[in-house]
Amino acid sequence: MAYSPDSRIAPHFLRSDEGGVVSPNERHLLHLLWRHPGLARSEVTAHTDLAQQSVYRIIDRLAERGIVAKGSPKPGLGSGQPSPMLRLNPSHAYSVGVSVNADVIDICIMNFAGNVLAESSVPLRERSMTESLELIVAKIKEQQQRHDLAEDSFFGIGFAIAGFHVGGTRFNASLPLHEWSLIELGPMLADFLAKPVWVLNGGQAGAVAESMFGAGRFIKHFAYISFNYGLGGGLISDGELLAGGNGNAAGFTQMYPEEEVPHRPALQSLLEQLNRNGVDVPSITYMRKNFDPKWRGVSEWLDDVTPAYNRLVNAIWAVFDPQAIVFGGQVPPGLAQLLSARTDIFGRPRYGVSRPVPKLIISEISNDAAAMGAAVTPFKSTYY
């Protein structure tokens, strides 16, 4: 029987009558409140096809379950009965996001309203998978105690790994993550962590975070390039993740033949280039925090990867036609700026009119985006 995290959700989160966490109509209203926090109850009907009586009944039911919080009346709505402002109730539940990269595991604890409560990390180098998982459990318990988070409110875990999907909850990751590769991560992690676990690709998790917390608040169609040890990303179409037929949409490395893979804009090759030039940069995490464009080897790396980078940008533009391309993952913002400055759009005007080109945006998410995207995935998959 295929693994499903939904079957492992604690009973007290489920509806007592029909099962599941929320109904389709409830989910629609919760998504609306995610996008428009502080919306007055009387304003909700205008955003739905439901009658006002149905909207009020659904909101009351969600409030009784502690999913929606009613606030003070919203001013300026005219005469009549005051209409309370509505928000997702942050204390309803919390989730944990885990992002496994080549050198570090990032952990993010997030409440139901999308607020980051705590962050921590576990260095991955020379640690087995079991040792790493035990440290993850210890970090979660430490943050639970520090922030007085009740176990009953712990909804689930989103788990992102830097690798491509091969079926079920199996992923094929880079060499540093060989022990994590080609195994059913979902049931193994759910048993080890004693919570339902949603598993996804790291680049797509970063795109989810960008959609929920970053550029996606203003842009519905964008491509997310995740610069990590390797190169991946995600596609957001009409505000939703476009996973593809096999779950690997935006697996950008696959567009390069084998001989060109070392010349794609992946941070592994920059790390190696810096070390060859005598610059002591021990990890990509260190690089992101301490990047200096004057480091010996940066200019040479940019010269080497620029042709492959421009083919990537133009392929995204030609095939997906996004409104924007977001530079994310573990890329230092300063390095993203240098790459952006080298962009060459191949399209040329016809009859003096050019095809619209995507805006290049450097992600402003300062946290680990994949861990944030992983943390919100349990809620996005079930509630909103």
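From a predicted model like this one, the values you see are computed outputs, not experimental measurements.

A. Representation of the environment of Ala207 within the structure. Inspection of the secondary structure assignment puts Ala207 in helix H6 (residues 202-213). Along the primary structure Ala207 and Thr306 are separated by 99 residues, whereas in three dimensions their C-alpha atoms are 23 Å apart. Other than its neighbours up to four places away in sequence, Ala207 contacts Phe222, Tyr224, Gly234, Ile236 and Leu241.

B. Quick peek at the pairing of strand S8 (residues 163-167). Here four bridges tie S8 to strand S9 (residues 170-173), and the two strands are oriented antiparallel to one another. Bridging across to S9, Phe164 finds its partner in Asn172. In this antiparallel pair of consecutive strands, S8 and S9, the connection spans two residues, and Gly168 shows a positive phi of 60 degrees.

C. Seen up close, the packing of aromatic side chains. In the structure shown here, the tally under the stated rule is 16 aromatic pairs. If you follow Arg41 out to its NZ or CZ, it ends over the ring of Tyr56, 4.4 Å from the centre. Lying across the ring of Trp317, Arg355 places its NZ or CZ 4.6 Å from the centre.

D. Spotlight on helix H11 (residues 369-382). Taking 1.5 Å of rise per residue, 14 residues should cover 20 Å, and H11 covers 20 Å from first to last C-alpha, within 8% of that figure. Roughly 35 degrees is the biggest bend found in H11, and it falls at Val376, with proline Pro378 one to four residues downstream. Within H11, 13 of the 14 residues are buried, which leaves the element mostly enclosed by the surrounding structure.

E. A look at the sheet that holds strand S6 (residues 116-123). One open sheet accounts for five strands, arranged S6-S5-S4-S7-S10; its pairing is mixed. Looking along the sheet, the strands with just one partner apiece sit at the ends: S6 and strand S10 (197-201). Each strand of the sheet is rotated relative to its neighbour by a mean of 15 degrees, with strand direction disregarded. Judged from the seven bridges that link them, strand S4 (residues 94-100) and strand S7 (residues 154-161) form a sheet pairing that is parallel.

F. Molecular detail of the pattern of salt bridges. Scanning the entire structure with this criterion turns up 11 salt bridges. Lys195 is the salt-bridge partner of Glu151, the closest N and O atoms lying 3.1 Å from each other. Placement of the pair is Glu151 in the loop between helix H4 (129-146) and S7 and Lys195 in the loop between helix H5 (185-193) and S10, with a sequence separation of 44 residues.

G. Spatial organisation of the sheet that holds strand S1 (residues 39-40). Strand order in the open sheet formed by three strands is S1-S3-S2, with antiparallel pairing between adjacent strands. Looking at which strands have only one partner, the edges of the open sheet turn out to be S1 and strand S2 (68-73). Where S1 lies against strand S3 (residues 84-88), two bridges are found, and the strand directions are antiparallel. Note on S3: the bridge partner recorded for Leu39 is Leu86. Contacting S1, S2 and S3, helix H1 (residues 24-35) crosses the sheet at an angle of about 95 degrees to S3. Sheet strands touched by helix H3 (residues 52-64): S2 and S3. Its angle to S2, the strand with the most contacts, is close to 110 degrees.

H. Spotlight on a nonpolar patch on the surface. Among the surface-exposed residues, Phe164, Val166 and Leu182 lie close enough to one another that they form a single nonpolar patch of about 250 Å² accessible area. Tracing the sequence through the fold places Phe164 in strand S8. The class for Phe164 is partly exposed, based on a relative accessible area of 38%.

Conventions used here
Residues numbered from 1 in each chain as written. Predicted model: local features only at pLDDT ≥ 70, side-chain atom pairs only at ≥ 80, totals over all residues. Heavy atoms only, no water. Helix = DSSP H or I, 4+ residues; strand = E, 2+ residues; numbered from the N terminus. Contact = heavy atoms within 4.5 Å. Pairing = 2+ DSSP bridges. Phe/Tyr/Trp six-rings, centres within 6.5 Å; stacked < 30°, edge-to-face > 60°. Lys NZ or Arg CZ within 6 Å of the ring centre and 35° of its normal. Expected span 1.5 Å × (residues − 1). Bend = angle between axes of the 7 residues up to and from the residue. Buried < 20%, exposed > 50% of the residue type's maximum accessible area, 1.4 Å probe, protein only. Axes fitted to C-alpha atoms, helices over the stretch in contact; angles between N-to-C directions. Salt bridge = Lys/Arg side-chain N within 4 Å of Asp/Glu carboxyl O. Patch = residues over 30% accessible without salt bridge, like charges linked within 9 Å, V, L, I, M, F, W, Y side chains within 5 Å. Areas by Shrake-Rupley, 256 points an atom, 1.4 Å probe, with all protein chains shown as cover.

Nothing here speaks to function; it is all geometry.
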